[in-house]
Amino acid sequence: MEEWRRILAESIVKPKDLAERFGVDEKEIEAIVGPYPMRITPTVLGTIKEKGDAIWKQVVPEMAELADIDAEDDPLEEDLMSPVPHLVHRYPDRVLLMVTNQCPIYCRFCTRKRLVGKPGFLKKGELDRAITYLREHQEVRDVILSGGDPLLLPDYLLERVLKALRTIPHLELIRIGSRVPGTLPQRITPKLCEMVKKYHPIYMNLHFNHPDELTPEVKAACGMLADAGVPLGAQTVLLKGVNDDPEIMKRLVHQLLLARIKPYYLYQADLTKGTNHFRTTVETGLQIIKALQGHTSGMAVPHFVIDAPGGGGKIPLLPDDYLVHLDEDGAMLRNYENKTFHYPQPKQGQGRELPMVGAHPGWGSCTNDHEEA
């Protein structure tokens, strides 16, 4: 058994084990993990400092999950946008391919609580149907592997997927969404990195919500991926009691950059059944973006987005006081110091025209070769 598999097998999955370790109510945990499975890896367990802290809230089941009875299982309507099993085609030029329902941990706020935890990987026949669909849709240039977590596939199964995708001529990019480097860093092996390198360009969007998740071991795993030529981005979910604070978020984005991970998205929490106790106001996210913009590196500021209910896709939001006024004369802007500035619009019909290449000398300001030189 590979080392990472052995470590994954040591995860807490049974209510009894969680109760023995932390003194929680075993019966309550049993009630929750029936519909919503639990798995907490040794790496994540090691970052829990006390009951109720930011890491605890993300992975330890609580009764609020069962009280959320009126919300939808699939508020993003992924199932309705699935032309073939396991593939979601929402945007014109890219698709989502879910290759497994297994995750290294089961986040209590997961937008796919209806799916994760079920056994099995993408079967060969299912992969063939997805590949056939992609061949027939030449507008698709970008595939995101998701699930579950694609990096829980054994190397040979992950390579089967990557190899099949690379037989499609019009497919340019492959992206992998993963929680593995931050929760099961032992999975990032030299063998995996060498395999991934064969199928570039491959990007990875990793999932981090709190600076305490970026331990030295986790940073080393991310460094191996970066050294293998994989550009790394981070997707963060705005979570009540976890990271809904500008200073925590600033610490997080700084730690991400130190690990060579670009903060990419800050998600407003979805409306998924069993997760609504994590939701913050939209204003909270806007205030965090405002606290970052101008007060740290521009590349540390993620896009704040709402994945619109009803399958509307990701919609970016910015604080509305950056653009004070806009008309045909110009834009009145407000910066991070609350100072205002005017940016003039170009005047119609008065743009500066450059001389054409090869134009007759008499047409420009230069009258002969000597003067032009």
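What comes next concerns the included structure. (Residues numbered from 1 in each chain as written. Predicted model: local features only at pLDDT ≥ 70, side-chain atom pairs only at ≥ 80, totals over all residues. Heavy atoms only, no water.)

**Some remarks on the packing of helix α7 (residues 124-136) against helix α8 (residues 155-165)**
Turning to step 1, where the next piece is worked out: Here α7 crosses α8 at 20°, and the two axes come no closer than 10 Å. With respect to each other, α7 and α8 are oriented roughly parallel. The two elements α7 and α8 cross, and the hand of that crossing is right-handed. Contact with α7, carried on its side by Lys124, Leu127, Ile131 and Leu134, involves Arg160, Val161, Ala164 and Leu165 of α8 and no other residues of that element.
Turning to step 2, where the next piece is worked out: Along the lines of polarity and charge, the residues of the contact of α7 with α8 split into six nonpolar, no polar and two charged. (Axes fitted to C-alpha atoms, helices over the stretch in contact; angles between N-to-C directions. Helix = DSSP H or I, 4+ residues; strand = E, 2+ residues; numbered from the N terminus. Parallel < 35°, antiparallel > 145°, perpendicular 65-115°, else oblique. Left-handed = near helix turned anticlockwise from the far one by under 90°. Contact = heavy atoms within 4.5 Å. Nonpolar A, V, L, I, M, F, W, Y, C, P; charged D, E, K, R; others polar.)

**Some thoughts on the sheet that holds strand β6 (residues 232-238)**
Turning to step 1, where the next piece is worked out: On the basis of which strands lie adjacent, the open sheet formed by nine strands has the order β1-β2-β3-β4-β5-β6-β7-β8-β9 and mixed pairing. Of all the strands in the sheet, the pair left with one neighbour each is β1 (87-91) and β9 (313-317). Strand-to-strand twist of the sheet, defined as the mean angle between neighbouring strand axes without regard to direction, takes the value 30°.
Turning to step 2, where the next piece is worked out: Pairing analysis gives five bridges linking strand β4 (residues 173-178) to strand β5 (residues 202-207), with the strands arranged parallel. The residue of β5 that forms the bridge with Ile176 is Met204.
Turning to step 3, where the next piece is worked out: Lying over the sheet, helix α13 (residues 282-292) contacts β6, β7 (262-268), β8 (303-308) and β9, oriented at roughly 160° with respect to β8. (Pairing = 2+ DSSP bridges.)

**A few points about the pattern of salt bridges**
Turning to step 1, where the next piece is worked out: Using the criterion set out here, one finds 24 salt bridges in the structure.
Turning to step 2, where the next piece is worked out: A salt bridge links Glu3 to Arg6, with the nearest nitrogen and oxygen atoms 2.5 Å apart. On the criterion of helical spacing, the pair formed by Glu3 and Arg6 is a turn pair, its members being three residues apart in helix α1 (residues 3-9).
Turning to step 3, where the next piece is worked out: By relative accessible area, which is 34% here, Arg6 ends up partly exposed.
Turning to step 4, where the next piece is worked out: For Lys290, the salt bridge is made with Asp321, and the minimal N-O distance between the two is 2.4 Å. In this pair, Lys290 is assigned in helix α13 and Asp321 in the loop between β9 and β10 (323-326), connecting sequence segments 31 residues apart.
Turning to step 5, where the next piece is worked out: Here Asp321 falls in the partly exposed class, since its relative accessible area comes to 21%.
Turning to step 6, where the next piece is worked out: Taken together, the shared-partner salt bridges connect Asp74, Glu78, Asp79, Arg112 and Arg114 into one network. (Salt bridge = Lys/Arg side-chain N within 4 Å of Asp/Glu carboxyl O. Buried < 20%, exposed > 50% of the residue type's maximum accessible area, 1.4 Å probe, protein only.)

**Notes on the packing of aromatic side chains**
Turning to step 1, where the next piece is worked out: Summed over all chains, the structure comprises four aromatic pairs.
Turning to step 2, where the next piece is worked out: Taking the centre distance of 5.8 Å and the plane angle of 80° together, the rings of Phe109 and Phe278 count as edge-to-face. Here Phe278 lies in the loop between β7 and α13 and Phe109 lies in the loop between β2 (94-98) and α7, a separation of 169 residues in the sequence. One exposure class covers both Phe109 and Phe278, and it is buried.
Turning to step 3, where the next piece is worked out: In this structure an aromatic cluster arises from ring pairing among Tyr264, Tyr265 and Tyr267.
Turning to step 4, where the next piece is worked out: Above the face of the Tyr91 ring, Arg94 is positioned so that its terminal group lies 4.1 Å from the ring centre.
Turning to step 5, where the next piece is worked out: Its end group placed over the ring of Tyr36, Lys113 keeps NZ or CZ at 4.3 Å from the ring centre. (Phe/Tyr/Trp six-rings, centres within 6.5 Å; stacked < 30°, edge-to-face > 60°. Lys NZ or Arg CZ within 6 Å of the ring centre and 35° of its normal.)

**What about the sheet that holds strand β12 (residues 340-344)?**
Turning to step 1, where the next piece is worked out: Read from one edge to the other, the open sheet built from three strands follows the order β10-β11-β12, with strand pairing classed as antiparallel. Looking at strand neighbours, the two that pair on one side only are β10 and β12, the edges of this open sheet. On average, adjacent strands in this sheet sit at an angle of 15° to one another, irrespective of strand direction.
Turning to step 2, where the next piece is worked out: Relative to strand β11 (residues 330-334), β10 is paired through three bridges, and the arrangement is antiparallel. Among the inter-strand pairings, His325 is bridged to a residue of β11, identified as Met332.

**Observations concerning unusual backbone geometry**
Turning to step 1, where the next piece is worked out: Cis geometry is found at the peptide bond from Gly147 to Gly148, where omega equals 25°.
Turning to step 2, where the next piece is worked out: On the secondary structure map, Gly148 appears in the loop between β3 (142-146) and α8.
Turning to step 3, where the next piece is worked out: At the junction of His200 and Pro201, the peptide bond is cis and its omega measures out at 5° in the coordinates.
Turning to step 4, where the next piece is worked out: Its place among the elements puts Pro201 in the loop between α10 (190-197) and β5.

**Concerning a nonpolar patch on the surface**
Turning to step 1, where the next piece is worked out: Together, Leu323, Leu326, Leu333, Phe341 and Tyr343 line one region of the surface with nonpolar side chains, adding up to about 500 Å² of accessible area.
Turning to step 2, where the next piece is worked out: The set of elements that each furnish at least two residues to the nonpolar patch consists of β10 and β12.
Turning to step 3, where the next piece is worked out: Within the secondary structure layout, Leu323 lies in strand β10.
Turning to step 4, where the next piece is worked out: According to the relative accessible area criterion, Leu323 is partly exposed, its value standing at 43%. (Patch = residues over 30% accessible without salt bridge, like charges linked within 9 Å, V, L, I, M, F, W, Y side chains within 5 Å. Areas by Shrake-Rupley, 256 points an atom, 1.4 Å probe, with all protein chains shown as cover.)

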